[in-house]
Each structure stands twice: as C-alpha cells, then as structure tokens.
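Observations on the model geometry
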Amino acid sequence: MKISVDRDRCEGYGVCAEVAPDLLHLDDDGELVVDVEDLTPEQTETAASAARVCPVAALSLRDAG
Amino acid sequence: MTIASAPPHSDVDLFSDEVLLDPYPVYARLREMGAAVRLDALDRVWALTRYDHIRAADGDWQTFSSDASVGLNEVINARLVGSILGSDPPWHDKLRAVLMAQLSPRSIRRITDYVEEAADRLVDSLVERGRFDAVPDLATVLPLTVVFDLIGLPESGRGNMIRWADAMFTIFGPLNDRTRAGVQIIPEMYEWLGTLQAEDLRPGSMGRSIFDVAGEQGFDHHQCVKLLATYVTAGMDTTINAISNAVALFAEHPDQWDAVRADPGLIPSAFNEVLRYESPVLAFARRVTRDVVIDGVEVPGGDQVVLLFGSGNRDERHYPDPDRFDVRRNPVDHLSFGYGIHTCAGQALARIEGHAILRALSERIRRFHTGEPKRHLNNVVRGLESLPVEIET
Ligand code: HEM
Ligand code: SF4
C-alpha cells in the first residue's frame, strides 16, 4: 500500500505526522512529505490511523503499483 | 437495515440554563438512547450524540448541508447565507481559500514568536500580582490582543468585541431568551465593522488582505465585512474559553499539572485533552438533504441535526474512561475543531495561543488555587465568566 495526499485539500496541520512520525513529516516550508513509498502491513495500519485523524480527510491509502 | 418503529426522542431542552450549567449527564443519557435522538422541544431537529456519527456527518457535506442550516433559528440562518460557516462548496471553498492564505499553519507560523512573547509578558505581570481573575485578566487578554493585531482592526471596537462575539455565538441556538438578546446586539457590531474601509485596517494585516483580494475574488464591501466578522468572532470566545477551561481543569487536577511541568513535551497533548474534555463549541447544526438512516433510525430529508461535539468528545465508545482528564491521552482526533471541509480554519492559531499560554504558565506557576468559578451561559459556547485564582510559584 501507498499513502496518497490530496494536495488541494491538505492544509498542513501535521496531525498525521504526529500519529505516524516514521512515515510522514512536514518540511521546512510546512509541506507534507511522505517518507515511505511501499508500506509494510504494520506501517499500513499506522498510515490508516494517520489518515483517520487528518482534519480535512486529505490522506488515503491506495494499492501500490 | 431495520428501521426502529418509534425513533428515540427526548423532551430535554439542551439550551436551557439547567442543561448548559451541567450538560454532560444529559449528553450521556442521550448517547445511551441512540446515535440520533429527536428533540421534542424543537421542530424537526435531532441530536447526533455519538462520536462516530458526528464525525461522519461532518465529513459528508453533500448529505449534511451547512447551507442556511448551521443555526437553529431562521434569523441566524438567514444571516449566515453566503458566510464561510453557513455555505457549501463551491462558494465555501472560495471563501476558505481566502482565509487559509492567512490562517494555514504555513502562513501563521511566522507569528509564533510574537504570541510566545505576548504570553510571557502577560503571565509575568500576573505572577507579580499573585491573585487575579483567570477569565478577564488572563484568558481574554491574549486572544483579544492577537486577533486585533493580526486582523489590523482599529482600537475603537475593542471594548465591545467580547460582548459582540458572545452574541454572535449564542444566536446559533433556538429562539430562546438568550438568542433574542443576542439578536439585539449583533447590529451594533455590523454597524461598527460596516464603517471600516480598507484604509482603516493596518497594511499587511489579515483584515486588509481581505480587501486586497476582493477585486479579483469579486467580493463587494458587504462580503468583505462579513468575512471580517467571521475572523474576529470565530477566534475570540472559543480561544478564551479554552484557556479559562484549562486553568480550571489544572486547578482541579494538580497531579496533571505536575505532569505537564515535569515534561513540557506534553503541552500539545494536554491542550488537545483540555479541548476534548471541555469542548468550547458544544454544538453546530446541519440540515439533511435527503432521508438518511442513522444507527437504524430514519431522519427525514429537510430535518436538522445538531452535532453535539461536547457529547462526542465524551463518548465511551470512542474514548476509554472519557470523564477522566488525562494530559497523556493526546486525543488528536477530538471533535472540538469539527472535521471535514468546515474544520476550524483557525486551529493552527488556536494551538499556537494555547501552547504559548500553557508553556508560560507551566514555567512559572506551581499551583493554582481557585475560588468559586462563575459559568457564563451561551447557547453554543461553553466557558466561564469568572475564575478567581491565587497562585503558588
Ligand atoms: C480553541 C479555539 C477554537 C475552537 C474550539 C474552534 C472551534 C471551531 C469549530 C467547532 C468550527 C466548526 C467546525 C465544523 O463545523 O466542522 C470552527 C470553524 C471555524 N473557525 Fe474556529 N475555533 C477556535 C479558534 C479559532 C480561531 C483562533 C480562528 C481564527 C481567527 C477560528 C476561525 C474559524 C473559522 C473561519 C471557521 C469556519 C471554517 C469553515 O466553515 O470552513 N477559530 N471553529
Ligand atoms: S493532517 Fe491532513 S491536512 Fe494536516 S498535514 Fe496531514 S494530510 Fe495535510
């Protein structure tokens, strides 16, 4: 699985990065960066939590490939 | 899915003094009755009581519309037509883009140092006094200063702004005495705001920027004033109440204050927990655009639902032991800023202010000893009128 960011929606709150600091971070300009391309099953679970907490529902998971 | 023959309903008046003074036991009873409970006291209005359903409704604007529907009376809903809070996409998104250009975490970061310094100065002066009222002397000062400075408003409105912002929120309730009194006050604010021209707002300020982009966005003067009103009022009562609630909670839970003092890294989590535990905005409404089934109950199209953020935040189905105040819980998914397209546009600023105050207090104050708090009653915002404090440093 991969994390997909809807850039039009993302307002840069970084709540997702708080929940999944190993997978996501905000760069110096406050842009969200996805740090891991292909997620292990365990990471997928963390990524799903990150997607759930995003206040504007900008994150989703999609199949890799 | 089976449809219950008689939907759960209740004759409780959620906007009565009695319930506003202590809403949580009533919310708990409503949550037990169902996720959607019809309110007999109002016309075609349901309470959404549980976390999952409130969040789902907030995340589905096509079904749960804000268009002339966020308040529980016709006066406010007519007033809200075309406002950011009271409209759906695409108009909503256009207004939101204008505000977010100023309020997004990316844009607002640059004021962090300014807010931190203002918080330090404020708390220093209170520490010197030793005893003060946490509402007018502490909680009100920072948001009022920050909002006036950022928006670039002339000082002439400052003395009235708290009263105006309070009225702006209370009129979201049903047409009770509080709403009627608020409706009398609102024109004063619009009269003042209406006199403001672009030149009256500090160059480079958020308020000025509204007028700067008005041309390209096709906003007339009236729409600029409306956006200005949103800016000013949305960030006032809410943040003030969050700060006074924080002081009250930490006075009541000294062990939790010790934990924050021992580990300042807990401040963001603690602020989230303050917001979850005492949601500054108790409720906003939506109107369902078609018949929907909520937890087995059919809510007919055209009815309104009240999203009880304050109840969802205490939903035992979502938060274990929800009535315990625990600064380590870090409930990042609380409902106090709403969710979805209308999620609080000012939450980055609210966090900067909340974190700055908690940091400044925790660095200087060991204990809060509070006298009898006096609650301020407002139809949708929960906060205090007065909270006498004596501090130990
Ligand atoms: C602790 C402080 C605050 C709380 C608890 C709070 C709460 C809320 C809530 C519950 C909503 C509606 C969300 C929904 O319906 O899903 C909202 C919307 C909004 N808030 Fe805040 N707010 C706070 C501070 C601020 C500040 C400081 C500002 C700006 C100066 C602000 C500006 C707004 C605006 C513009 C909206 C409308 C957004 C839209 O409809 O798209 N708020 N807020
Ligand atoms: S929580 Fe949502 S809005 Fe915030 S940075 Fe993550 S994806 Fe963007």
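Residues numbered from 1 in each chain as written. Chains lettered and ligands numbered in written order. Predicted model: local features only at pLDDT ≥ 70, side-chain atom pairs only at ≥ 80, totals over all residues. Heavy atoms only, no water.

As annotated in an unreviewed UniProt entry, chain B carries the name Cytochrome P450 and is attributed to Pseudonocardia thermophila.

With an unreviewed UniProt entry as reference, chain A is termed Ferredoxin, source organism Pseudonocardia thermophila. In its Function (unreviewed entry) section, UniProt records this for chain A: "Ferredoxins are iron-sulfur proteins that transfer electrons in a wide variety of metabolic reactions." (UniProt positions renumbered as here; feature names shortened; annotations may be inferred.)

A few points about the interface of chain A and chain B
Contact with chain A, which involves 18 residues of that partner, is made by 17 residues of chain B. Taking both partners together, chain A and chain B bury about 1300 Å²; carbon and sulfur atoms supply 48% of that area. Considering only the side of chain A, the residues that lose the most area to chain B are Glu-11, Tyr-13 and Pro-55 of chain A, jointly responsible for 40% of the buried surface there. In this structure, the salt-bridge partner of Arg-96 of chain B is Glu-11 of chain A, at a minimum N-O distance of 2.8 Å. Mapped onto the side of chain A that touches chain B, the elements with two or more residues apiece are α1 (15-19) and α2 (41-53) of chain A. (Contact = heavy atoms within 4.5 Å. Buried area = accessible area lost by both parts, 1.4 Å probe. Salt bridge = Lys/Arg side-chain N within 4 Å of Asp/Glu carboxyl O. Helix = DSSP H or I, 4+ residues; strand = E, 2+ residues; numbered from the N terminus.)

Focus: the coordination of the iron atom of ligand 1
One donor from the polypeptide reaches the iron atom of ligand 1: Cys-344 of chain B (SG), at 2.3 Å. Within the secondary structure layout, Cys-344 of chain B lies in the loop between α17 (309-312) and α18 (347-364). (Donors = N, O, S within 2.8 Å, 3.2 Å for Na, K, Ca; no water.)

Some points on the site of ligand 1
Residues and elements named next belong to chain B. Neighbouring ligand 1 are 31 residues, the closest being His-92, Arg-96, Arg-286, His-342 and Cys-344. For ligand 1, an oxygen atom lies 3.4 Å from a polar atom in the backbone of Ile-84. The separation between an oxygen atom of ligand 1 and a polar side-chain atom of Arg-96 is 2.8 Å. Listed by contribution, the elements that provide at least two residues to the shell around ligand 1 are α5 (91-103), α13 (221-234), α14 (237-252), β6 (283-288) and α18. When its residues are assigned to classes, the shell around ligand 1 shows 18 nonpolar, ten polar and three charged. (Near = heavy atom within 4 Å. Polar contact = N/O pair within 3.5 Å; in protein donor to acceptor, adjacent residues only side chain to side chain. Nonpolar A, V, L, I, M, F, W, Y, C, P; charged D, E, K, R; others polar.)

Structural notes on the site of ligand 2
Inspection of the region around ligand 2 gives 13 residues, with Cys-10, Tyr-13, Gly-14, Cys-16 and Cys-54 of chain A positioned closest. Tallied by class, residues from the shell around ligand 2 come to ten nonpolar, two polar and one charged.

Digging into the sheet that holds β6 of chain B
Adjacent strands of a sheet pair through backbone hydrogen bonds, lying either parallel or antiparallel. Residue and element names in this part refer to chain B. The strand order β1-β2-β3-β9-β6-β4 describes an open sheet built from six strands, whose pairing is mixed. Each of the sheet's edge strands pairs with one partner strand only, and the pair in question is β1 (9-10) and β4 (64-65). Most of the contacts of helix α3 (residues 51-58) go to strand β9 (residues 304-308), to which it runs at about 120 degrees, and overall it touches β3 (45-48), β4, β6 and β9. (Pairing = 2+ DSSP bridges. Axes fitted to C-alpha atoms, helices over the stretch in contact; angles between N-to-C directions.)

Remarks on the packing of aromatic side chains
Residues and elements named next belong to chain B. By the definition in use, this model includes eleven aromatic pairs over all chains. For the ring pair Phe-172 and Phe-284, a centre distance of 5.0 Å and an interplane angle of 55 degrees mean the geometry is tilted. Of the two residues, Phe-172 is situated in the loop between α10 (158-170) and α11 (177-195) and Phe-284 in strand β6; the sequence distance between them amounts to 112 residues. Phe-284 matches Phe-172 in its accessibility class, with the two residues each being buried. (Phe/Tyr/Trp six-rings, centres within 6.5 Å; stacked < 30°, edge-to-face > 60°. Buried < 20%, exposed > 50% of the residue type's maximum accessible area, 1.4 Å probe, protein only.)

Concerning the pattern of salt bridges
All names here are of chain B. Per the stated rule, a full pass over the model turns up 33 salt bridges over all chains. Here Glu-316 and Arg-31 are joined by a salt bridge, their closest N and O atoms 2.7 Å apart. Taken together, the residues span a long stretch of sequence, with Glu-316 in the loop between α17 and α18 and Arg-31 in helix α2 (residues 23-33) at a distance of 285 residues. Taking relative accessible area as the criterion, Arg-31 reaches 3% and is therefore assigned buried. The network of salt bridges with common partners includes Glu-116, Asp-120, Asp-124, Arg-359, Glu-363 and Arg-364.

A short note on the pairing of strand β12 (residues 383-386) of chain B
Residues and elements named next belong to chain B. Relative to β12, strand β11 (residues 374-376) runs antiparallel, the two being bridged by three bridges. Bridge pairing in β12 links Arg-375 to Leu-384. Taking the residues that link successive antiparallel strands as the turn, the β11-β12 hairpin has six residues.

Some points on the sheet that holds strand β5 (residues 131-133) of chain B
All names here are of chain B. Strand order in the open sheet formed by three strands is β5-β13-β10, with antiparallel pairing between adjacent strands. Either end of the sheet is taken by a strand with one partner, and the two such strands are β5 and β10 (367-370). Averaged over all neighbouring strand pairs, the angle between strand axes comes to 30 degrees, with direction disregarded. Note that β5 and strand β13 (residues 388-392) share three bridges and pair antiparallel. Pairing of Arg-131 across the sheet is with Glu-390, part of β13.

A word on the nonpolar core
Generally speaking, soluble globular proteins have nonpolar side chains that are buried together. In terms of nonpolar packing, the biggest core is built from 141 residues, with Leu-24 of chain A together with Leu-138, Phe-250 and Phe-368 of chain B touching the most fellow members. The element that contributes the greatest number of residues to this core is α18 of chain B, accounting for nine residues. Once you skip the residues sitting within four places of it in the chain, Leu-24 of chain A turns out to touch Ile-3, Cys-16, Ala-17, Leu-32, Val-33, Val-34, Asp-35, Ala-50 and Leu-59 of chain A. Core analysis: the second largest hydrophobic core is formed by 19 residues, Leu-14, Val-45, Leu-282 and Ala-283 of chain B among them. (Core = buried A, V, L, I, M, F, W, Y, C linked by side-chain atoms within 4.5 Å.)

Section: the packing of α5 of chain B against α13 of chain B
All names here are of chain B. The contact between α5 and α13 brings their axes to 12 Å, and the two run at 60 degrees. Between α5 and α13, the angle falls in the class oblique. Crossing hand, α5 versus α13: right-handed. For the pair α5 and α13, contact is made by Trp-91, Leu-95, Val-98, Leu-99, Gln-102 and Leu-103 and by Gln-223, Leu-227 and Tyr-231, respectively. Of the residues that constitute the contact of α5 with α13, the class distribution is seven nonpolar, two polar and no charged. (Parallel < 35°, antiparallel > 145°, perpendicular 65-115°, else oblique. Left-handed = near helix turned anticlockwise from the far one by under 90°.)

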